[in-house]
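Here is what each chain is made of, one letter per residue.
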Amino acid sequence: MFDVDWMGQLAREVLRERVPALIAEACAWTVGLSDRPHHERRRGRLTGTGGTIGDRVARGQSISGDEDGRLDLGDARPGSFRDALNGLDADGVVYADHFDREVLEPFVLGTCVLAAERARATRPAEWAELLDDLGEDGRDLVGVVRAGEWEAPLRTEAEHLVLAALADQPLLAVEAEGLPLSLVRAAEALTREAADPGVAPPREDPDASGAVFLARAALAAGELAPPVPPTDAGRLLTALLAEGLEPEELPAVLVHLPLAPGTADAVLTLLDAGR
């Protein structure tokens, strides 16, 4: 095991600095959750109850059920953020799994990349030694983060920070708190979409055809359903790099993939942050 404790500590420090942003992103993620149909599992069968999550909250009923959910989220106050995380979507997936993929994972990856940038700038000697230990050249900071394995413990800490702040807060109050940022995110998406009018897909560059093939394989391996939304940009970037694509190949490859508006920009932003 590599001696990278100092880097793990630095990542935790950066995470602590970003707690307000993390809580804001968590609140924004909940916006609209109360309007979704409520589902529960009865005797092993997933079924809709005929109302929305918000209807359950208004009646003081639990959102989550007894047959599903994470044990660490159990015994939640009815109608609370924790209770909503343990609720089920139409496919029987707990919302906590969506929260992990859509909020915690990309936020933690971005935090680790920021920590790597700080380490490179403020501790050059230790950074060089770390790269040597990890067998990385430092050009791909996402790759350095993956090799250093800082994400898993930091994701757990990020989850604890969110729950400490929001776990027992009423879902409707959390939604209200997240509405301003949610509107900003929606406006950003519309702006990107307006700047990228629908046009015929570009002809595939013969020189990039092998990379495009690998990229499409990465979508399948990463279980990323098209069109891939911007919230899955972190997972997409991880899948592409894991498939062996080089960072400099991605701009030419992304235009040939089934992505939702704004996803390519989000991937390239993460890529730039990792350089």
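## Some thoughts on the overall build of the protein chain
Scanning the protein chain for helices and strands turns up 13 helices and two strands. Of all intrachain contacts in the protein chain linking residues separated by at least 6 positions in sequence, the fraction that spans at least 24 positions is 67%. A total accessible area of about 14,100 Å² is found for the protein chain, and carbon and sulfur atoms account for 53% of it.

## Describing empty space enclosed by the protein
Applying the stated criterion across every chain, the model contains one cavity of 30 Å³ or more. Counted as a void, the largest cavity has a volume near 50 Å³. Breaking the lining of the largest cavity down by element, the ones donating at least two residues are helix 4 (81-85), helix 5 (95-122) and helix 8 (151-166). A per-element tally of the lining of the largest cavity places helix 5 first, with four residues. Grouping the amino acids of the lining of the largest cavity by side-chain chemistry returns eight nonpolar, no polar and three charged.

## Quick notes on the packing of aromatic side chains
For the coordinates displayed, the defined rule picks out two aromatic pairs. Ring geometry for Phe81 against Phe99: centres 5.9 Å apart, planes inclined by 80 degrees, an arrangement best described as edge-to-face. Remark: Phe99 occurs in helix 5 and Phe81 occurs in helix 4; sequence separation between them is 18 residues. Comparing Phe81 with Phe99, the two get one shared label, buried. Among the aromatic residues, ring-to-ring pairing joins Trp29, Phe81 and Phe99 into one connected group. Across from the ring centre of Phe107, 4.1 Å away, lies the NZ or CZ of Arg18, which sits over that ring.

## Structural notes on the packing of helix 2 (residues 19-30) against helix 8
For the pair helix 2 and helix 8, interaxial distance at closest approach is 10 Å and the crossing angle is 70 degrees. By the angle class used here, helix 2 and helix 8 are roughly perpendicular. Residue-level contacts link Val19, Leu22, Ile23, Ala26 and Cys27 of helix 2 to Ala158, Leu161, Val162, Ala165 and Leu166 of helix 8. For the contact of helix 2 with helix 8, a count of residues per class yields ten nonpolar, no polar and no charged.

## Here we look at the packing of helix 5 against helix 8
Contact geometry of helix 5 with helix 8 gives a least axis separation of 9 Å together with a crossing angle of 120 degrees. As far as their axial angle goes, helix 8 and helix 5 are oblique. In the packing of helix 5 onto helix 8, the handedness of the crossing is right-handed. Residue-level contacts link Phe99, Asp100, Leu104, Glu105, Val108, Leu109, Thr111 and Cys112 of helix 5 to Glu151, Leu154, Arg155, Ala158, Glu159 and Val162 of helix 8. Across the contact of helix 5 with helix 8, the residue classes tally to eight nonpolar, one polar and five charged.

## Details of the pairing of strand 2 (residues 45-52)
Summarising the sheet, strand 1 (residues 37-42) and strand 2 pair through five bridges and their orientation is antiparallel. For Arg41, the partnering residue across the bridge sits in strand 2 and is Leu46. Hairpin geometry of strand 1 and strand 2 is characterised by an intervening segment of two residues between the two adjacent antiparallel strands and by a positive phi of about 50 degrees at Arg43.

## Focus on the pattern of salt bridges
For the structure shown, the criterion picks out ten salt bridges. A salt bridge links Arg139 to Asp137, with the shortest nitrogen-to-oxygen separation between them at 2.8 Å. The partner of Glu151 in a salt bridge is Arg146, and the shortest N-O contact between them spans 2.1 Å. Where salt bridges share partners, they join Asp100, Arg155 and Glu159 into one cluster.

## Quick word on unusual backbone geometry
If you check the backbone angles, Glu149 has positive phi at about 60 degrees while not being a glycine. Here Glu149 lies in the loop between helix 7 (141-148) and helix 8.

## A word on the nonpolar core
Where a protein is soluble and globular, its nonpolar side chains tend to be buried together. Within the largest apolar cluster, 75 residues are counted, with the highest numbers of intra-cluster contacts made by Met7, Phe99, Val162, Leu236 and Leu240. Looking at which element gives the most residues to this core, the answer is helix 5, with 13 residues. Contacts of Leu240, omitting those with residues within four sequence positions, involve Ala215, Ala218, Leu245, Leu250, Leu254 and Leu257.

What counts, and at which threshold
Residues numbered from 1 in each chain as written. Predicted model: local features only at pLDDT ≥ 70, side-chain atom pairs only at ≥ 80, totals over all residues. Heavy atoms only, no water. Helix = DSSP H or I, 4+ residues; strand = E, 2+ residues; numbered from the N terminus. Contact = heavy atoms within 4.5 Å. Areas by Shrake-Rupley, 256 points an atom, 1.4 Å probe, with all protein chains shown as cover. 1 Å grid on protein atoms, 1.4 Å probe; cavity = no way out; pocket = protein on both sides within 12 Å on 5 of 7 lines; lining within 4 Å. Points joined across faces, edges and corners; volume = space filled by probe spheres on them. Nonpolar A, V, L, I, M, F, W, Y, C, P; charged D, E, K, R; others polar. Phe/Tyr/Trp six-rings, centres within 6.5 Å; stacked < 30°, edge-to-face > 60°. Buried < 20%, exposed > 50% of the residue type's maximum accessible area, 1.4 Å probe, protein only. Lys NZ or Arg CZ within 6 Å of the ring centre and 35° of its normal. Axes fitted to C-alpha atoms, helices over the stretch in contact; angles between N-to-C directions. Parallel < 35°, antiparallel > 145°, perpendicular 65-115°, else oblique. Left-handed = near helix turned anticlockwise from the far one by under 90°. Pairing = 2+ DSSP bridges. Salt bridge = Lys/Arg side-chain N within 4 Å of Asp/Glu carboxyl O. Core = buried A, V, L, I, M, F, W, Y, C linked by side-chain atoms within 4.5 Å.

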